[in-house]
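# Report on the structure
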Amino acid sequence: MESNNENNIDTSMRHVVYDRFGERDVLQVVESPVPEPNEGQVVIRVHGAGLNPIDWKTRKGLGFAARQIENSLPWTPGYDVAGEVVSVGDGVTTLAPGDRVMGMVGFPATGGGYAEYALAAGDDLAIVPEELDLVAAGGVPLAALTAWQGLFEMGKLESGQKILIHAGAGGVGHFAVQFALERGAHVIATASARNRDFLAELGVHEVIDYHTIDFADECYGLDMVLDLIGGDVGKRSLHTLGEGGVLVTIPTVTADEIISIAEEMGLRAHGMTVRPDVFHLEEIAELIEDGDVRVHVDGRFTLDQVREAHEALEGGHVRGKLVLDCR
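This report concerns the structure included in the present document. (Residues numbered from 1 in each chain as written. Predicted model: local features only at pLDDT ≥ 70, side-chain atom pairs only at ≥ 80, totals over all residues. Heavy atoms only, no water.)

Now for the environment of Asp 227. By secondary structure assignment, the location of Asp 227 is in strand S11 (residues 222-227). Along the backbone, Asp 227 and Ile 44 are 183 residues apart, and their C-alpha atoms lie at a distance of 33 Å. Leave out the neighbours within four places in its chain, and Asp 227 touches His 166, Val 233, Gly 234, Leu 247, Val 248, Thr 249, Ile 250, Pro 251 and Ile 258. Within the structure, Asp 227 has its side chain in polar contact with the backbone nitrogen of Ile 229 (distance 3.0 Å). (Helix = DSSP H or I, 4+ residues; strand = E, 2+ residues; numbered from the N terminus. Contact = heavy atoms within 4.5 Å. Polar contact = N/O pair within 3.5 Å; in protein donor to acceptor, adjacent residues only side chain to side chain.)

Structure (structure tokens):
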């Protein structure tokens, strides 16, 4: 193994673990040796680690990722990182120590993002634009890739189409509205009243306050719905689709039920699970670099504040992203 360790002077690192599923108090900060890269891997000095809803759901033992890790506890959560490469393994030719990178790591079974150092497959990492600080960049990969793949792979969104995006001010949502606008779609988003101005600044054409207005009464003939909430919202969204329209629902817990109802109605609906894709991530990075997409960070927490971070994450109503500052 070829390993460039001259920039990696630390031999131990702090990282978050839990040894059982449960509430926020299972989250602990411990010390372990800094990992060494295997073939095709790099070690990243993490600056920012993104916080995503899948993190608290998995911590509670819910969803498909929990089934992947239940026999591998203790486990370090976190699927999003950004930072600087400190060492590279054999076969990594496109990255070198000092490179500023971001990417999804360890999805879904390995994790490892909530740490001062993290292992990543070199092929899954994109260069971070100079305009974006590395802590904020940690909030990009999973949420932005979810939005991108949901809109363009599953939904086949095209210029001129009309789309409804639920929870448009959230982590995935605020990327999705920007990607859809950049593609030339007419964008409607549901959000609370406090996020109306935020979404208007991003360019959203219509904002529906879900507290006071029923979106099902306002929307019809849509080409696409991106459902980031699931459950009853996803089911009712089917009634807003036009002929040939499609609903893409992200929450896995209710996806099968929504798809079954769509089939009974003669409509199209798809579920999806995000995956690392460096080509998509590079396209997203280019949009950020060009100023066409911005990353909004609603809160930054240290590793020692991980329980508070999960409290905010579970509470919902986050505008944009929450990140751990792991420096």
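Secondary-structure assignment places Glu 116 in the loop between strand S5 (100-104) and strand S6 (117-121). Buried charge without a salt bridge: Glu 116, with Arg 14 as the nearest opposite-charge side chain at an N-O distance of 4.5 Å. Not counting residues within four places of it along the chain, the set of residues in contact with Glu 116 comprises Met 13, Arg 14, Ile 44, Arg 45, Val 46, Leu 303 and Cys 326. (Buried < 20%, exposed > 50% of the residue type's maximum accessible area, 1.4 Å probe, protein only. Lys, Arg positive; Asp, Glu negative; His and termini not counted. Salt bridge = Lys/Arg side-chain N within 4 Å of Asp/Glu carboxyl O.)

Overall, parallel pairing links the six strands, which are arranged S10-S9-S8-S11-S12-S13 in an open sheet. Looking along the sheet, the strands with just one partner apiece sit at the ends: strand S10 (206-209) and strand S13 (268-271). Neighbour to neighbour, the strand axes of the sheet diverge by 15° on average, direction disregarded. In this structure, strand S9 (residues 186-191) lies alongside S10, joined through four bridges in parallel fashion. Paired with Thr 190 across the strands is Ile 208, a residue of S10. (Pairing = 2+ DSSP bridges. Axes fitted to C-alpha atoms, helices over the stretch in contact; angles between N-to-C directions.)

For the rest of this paragraph, the subject is helix H5 (residues 171-183). Helical periodicity: at 3.6 residues per turn, an α-helix aligns residues three or four positions apart in one direction. If you check H5, its first and last C-alpha atoms are 19 Å apart, about what 13 residues at 1.5 Å a residue would give, namely 18 Å. The buried fraction of H5 is high, at eleven of 13 residues. Considered for burial, the residues of H5 that qualify are Gly 171, Val 172, Gly 173, His 174, Phe 175, Ala 176, Val 177, Gln 178, Phe 179, Ala 180 and Leu 181. Once H5 ends, the next one or two residues include Gly 184, with phi positive near 95°. (Expected span 1.5 Å × (residues − 1).)

Quantified by volume, the largest pocket comes out at close to 1200 Å³. Along its surface, the largest pocket is lined by 45 residues, and Pro 53, Ile 54, Lys 57, Val 172 and Leu 228 are the ones closest to its centre. Per-element tally for the lining of the largest pocket: the top contributor is helix H1 (residues 53-59), with five residues. Residues belonging to the lining of the largest pocket are distributed by class as follows: 25 nonpolar, 16 polar and four charged. Of all the secondary-structure elements, those providing two or more residues to the lining of the second largest pocket are strand S1 (12-17) and S6. The dominant element in the lining of the second largest pocket, judged by the number of residues it contributes, is S6, at five residues. Class assignment for the residues of the lining of the second largest pocket results in 13 nonpolar, seven polar and one charged. (1 Å grid on protein atoms, 1.4 Å probe; cavity = no way out; pocket = protein on both sides within 12 Å on 5 of 7 lines; lining within 4 Å. Points joined across faces, edges and corners; volume = space filled by probe spheres on them. Nonpolar A, V, L, I, M, F, W, Y, C, P; charged D, E, K, R; others polar.)

Take the pairing of strand S4 (residues 80-88) next. Burial analysis of S4 places eight of its nine residues in the buried class, which makes it a mostly covered element. Pairing of strand S3 (residues 41-51) with S4 involves seven bridges; the strand directions are antiparallel. Bridging from a neighbouring strand, Val 42 pairs with Val 88 of S4. Of the strand pairs in this sheet, S4 and S5 are connected by five bridges, and their pairing is antiparallel. Among the inter-strand pairings, Glu 84 is bridged to a residue of S5, identified as Arg 100.

Moving on, we come to the pattern of salt bridges. Summed over all chains, the structure comprises 15 salt bridges. Measuring nitrogen to oxygen at the nearest pair gives 3.2 Å for the salt bridge that ties Asp 277 to Arg 275. The closest approach of N and O atoms between Asp 325 and Arg 327, which form a salt bridge, is 2.6 Å. Its relative accessible area of 18% is what places Asp 325 among the buried residues.

Before going further, it helps to spend a moment on the packing of aromatic side chains. Counted under the stated rule, the structure contains eight aromatic pairs. An angle of 50° between the planes, with centres 6.4 Å apart, marks the rings of Tyr 18 and Phe 21 as tilted. Classification of Phe 21 by relative accessible area gives partly exposed; the value is 25%. On the numbers, 6.1 Å between centres and 70° between planes, the contact of Phe 64 with Phe 107 is edge-to-face. Pair noted here: Phe 64 is in helix H2 (residues 63-69) and Phe 107 is in the loop between S5 and S6, with a separation of 43 residues, a long-range link. One cation-aromatic arrangement involves Arg 45 over Tyr 117; the distance from NZ or CZ to the ring centre is 5.2 Å. Positioned above the aromatic ring of Trp 148, the side-chain terminus of Arg 183 is 5.9 Å from the ring centre. (Phe/Tyr/Trp six-rings, centres within 6.5 Å; stacked < 30°, edge-to-face > 60°. Lys NZ or Arg CZ within 6 Å of the ring centre and 35° of its normal.)

Such coordinate-based values are descriptive only and should not be taken to indicate function.
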